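Residue strings, one per chain:
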Amino acid sequence: MSMFCFQCQETLRNEGCTQHGMCGKSSDCSNLMDVLLYSVRGLALAVELAEIPVPDNVGPHIERVLFTTITNANFDELRIESLIRETLRMRNEILHDYEEKFSDRTDDILFWNAATRNEFLAKSPTTSVLMVTNPDIRSMREMLMYGMKGTAAYAWHARRLGFVNDEIHQFLIHRLAQTSQSSHCTTENLLRLLRECGKTALSAMQLLNAANTHHFGEPEPTLVRTTPGTRPGILVSGHDLCDLEDLLIQTMDVGIDIYTHGEMLPANAYPELKKFPHLHGNYGGSWWRQNLEFESFNGPILMTSNCLIPLRECYKNRIFTTGTAGWPGIRHIPEPTVGHLKDFSEIIRLAKTLPPPEPLGIPADGTAEPEYLTIGFGFAQLKKSSEEIMAGLKSGEIRQILIMAGCDGRHASRRYFEELVKNVPHDTLILTAGCAKYRGNHLELGSIGNLPRFLDAGQCNDSWSILSFLNELREMMNVKDINALPVHFHIAWYEQKAVCVLLAMIALGVRNIHLGPTLPAFCSRNVLQYLTENHSLRKTGKIEEDLDAFQNEEKLLEKS
Ligand code: SF4
Ligand code: SF3
């Protein structure tokens, strides 16, 4: 069966995946996701038309659905099918309870029903992205959907820690409802909604930062060990710090160590997580290296969110998913009942029977010194360093700041970001967040004064820390906006959380963002032109030419 998906950077020929996903998603899975998103728009429209407060179960459900359809989160068709059923059930309940509000409506999105996989698949052609025939409207509507997916993912993690912002799920519901109706999908309205989405994305990142720092303390500069120990281990990947904490509690004094992978690396900087002596350190690099690194880890692996890639036989029997992550046939750790921890006992039992991890890329004879990564420059720490950074900028010791953040990916073209970090002048301070950090965090980049030159703010959602710090710096330096600071933005994007962060940056008025390694396939020519003309967004260029800008550009600090 054919499909259409163009939501991520690795989409086929930078146009769209049409037979199967380059990510490993089957066409059926992709088509079921289209139906799921259609169902969730219908649910949102039912809530709007019923003119009721958002029912308690609907807000979290919508977040879960949007997060589940993010690239590399969930490949399990049975889970997608059951989410469709659950969504239709919730919608039908509202239709039933507030029948009078729908008496004059005939919309398919409100009244269609189905129960079986075959019926869902039969429905899918009418729910495809391609049903919107105007390429500009399709482009903006999808960009909005991707921004909402990222926003929902961040809100989901915050909710798990008890932090909820009603305005975020109100936004998601209103906008899903609106964009289910073509009358609302005008250029003007969609542009407005995209700006609104950027602001909501910022709120979601701020909420998650509040949730994380409230529970786990402010991240602090930390050297994270990257060489494994001698005890069996469990490797935790994805973004969910709450899952990591539950696992750390359940593995106290049982003779095994816990390691982070990919986007879980920043967990090592939070005081309430690093206090566990068996949080040993980090193993490996960013998400796409899992098929190279999971084999030699030897122990169980827990995926708490994206990015999951097609599994290799050698670790298939020791990988688990939880939260919104899923893979067909792989054991999934369910949500706990209220007041309980997630039950990771099956993973722990398995870990005890398996050998310890093997070192990666260093001599295996145990003679090598442990290697470390430096992390822990979230907002509070950046703020603490702001006087020093301002003084450096004023004295010329720091000439400029490079923001190299976003996602990593497998294509060779991503070496651009590594080359950039390696070759920018030595008086450039580099700030990073998201898994793009793995393009620079292994390099010896030295320091400026007391500060490492490469400052890692954390996960992709911690881009909020970078943006808030720049705003702080702007105020301290008395310049009128962030664009007047000597800052260069080179953003690596891959999936929809990066789209959410990009919309947040645009909403803040950031200009001259270099986005790469390609521009999104979901942006039509006119939408790209709009972004170029109004926000000076551009594609990352040839590395030599882009580096020239660092040598030549003497940015004047405009006094406000
Ligand atoms: Fe293709 Fe990306 Fe969609 Fe996967 S998520 S099907 S790689 S566009
Ligand atoms: Fe990475 Fe998947 Fe985007 Fe959280 S984990 S930034 S790609």
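Reading the values: the criteria
- Residues numbered from 1 in each chain as written.
- Chains lettered and ligands numbered in written order.
- Predicted model: local features only at pLDDT ≥ 70, side-chain atom pairs only at ≥ 80, totals over all residues.
- Heavy atoms only, no water.
- Helix = DSSP H or I, 4+ residues; strand = E, 2+ residues; numbered from the N terminus.
- Rg over C-alpha atoms; globule rule 2.2 N^0.38 Å.
- Buried < 20%, exposed > 50% of the residue type's maximum accessible area, 1.4 Å probe, protein only.
- Pairing = 2+ DSSP bridges.
- Contact = heavy atoms within 4.5 Å.
- Axes fitted to C-alpha atoms, helices over the stretch in contact; angles between N-to-C directions.
- Salt bridge = Lys/Arg side-chain N within 4 Å of Asp/Glu carboxyl O.

A. Highlighting the overall build of the chain. Helix and strand counts for the chain stand at 20 helices and 16 strands. Expected size for 560 residues packed as a compact globule is a radius of gyration near 24 Å; at 23 Å, the chain falls within 12% of this value. C-alpha extents for the chain along the principal axes are approximately 70 × 60 × 40 Å. Among the 560 residues that make up the chain, the fraction classed as buried is 61%.

B. Representation of the sheet that holds strand β5 (residues 301–303) within the structure. Strand order in the open sheet formed by six strands is β4-β3-β2-β5-β6-β7, with parallel pairing between adjacent strands. Whereas interior strands pair on both sides, the edge strands pair on one side only; in this sheet they are β4 (279–282) and β7 (332–333). Pairing of strand β6 (residues 319–322) with β7, which is carried by two bridges, proceeds in the parallel orientation. For T322, the partnering residue across the bridge sits in β7 and is I333. Contacts between helix α9 (residues 241–250) and the sheet are confined to β2 (233–237), β3 (257–260), β4, β5 and β6, with β3 contributing the most and set at about 165 degrees to the helix. Sheet strands in contact with helix α11 (residues 290–297) are β2, β3, β5 and β6, and its direction is about 160 degrees off that of β2.

C. Here's a closer look at the pattern of salt bridges. Applying the stated criterion across every chain yields a total of 34 salt bridges. Residue D240 is joined to R160 by a salt bridge in which the shortest nitrogen-to-oxygen separation is 3.0 Å. Here D240 is found in the loop between β2 and α9, whereas its partner R160 is found in helix α6 (residues 135–160), with 80 residues between them in sequence. Take D240: its relative accessible area is 2%, and that puts it in the buried class. With its nearest N and O atoms 2.7 Å apart, the salt bridge here joins R439 to D408. Linking R439 in the loop between β10 (428–432) and β11 (447–448) with D408 in the loop between β9 (400–406) and α16 (415–423), this pair joins segments that are 31 residues apart in sequence. Pair check on accessibility: R439 and D408 agree, each one buried. It is possible to trace a salt-bridge network through shared partners that takes in D28, E77, E81, R85 and R117.

No statement about biological role is implied by the geometric values presented.
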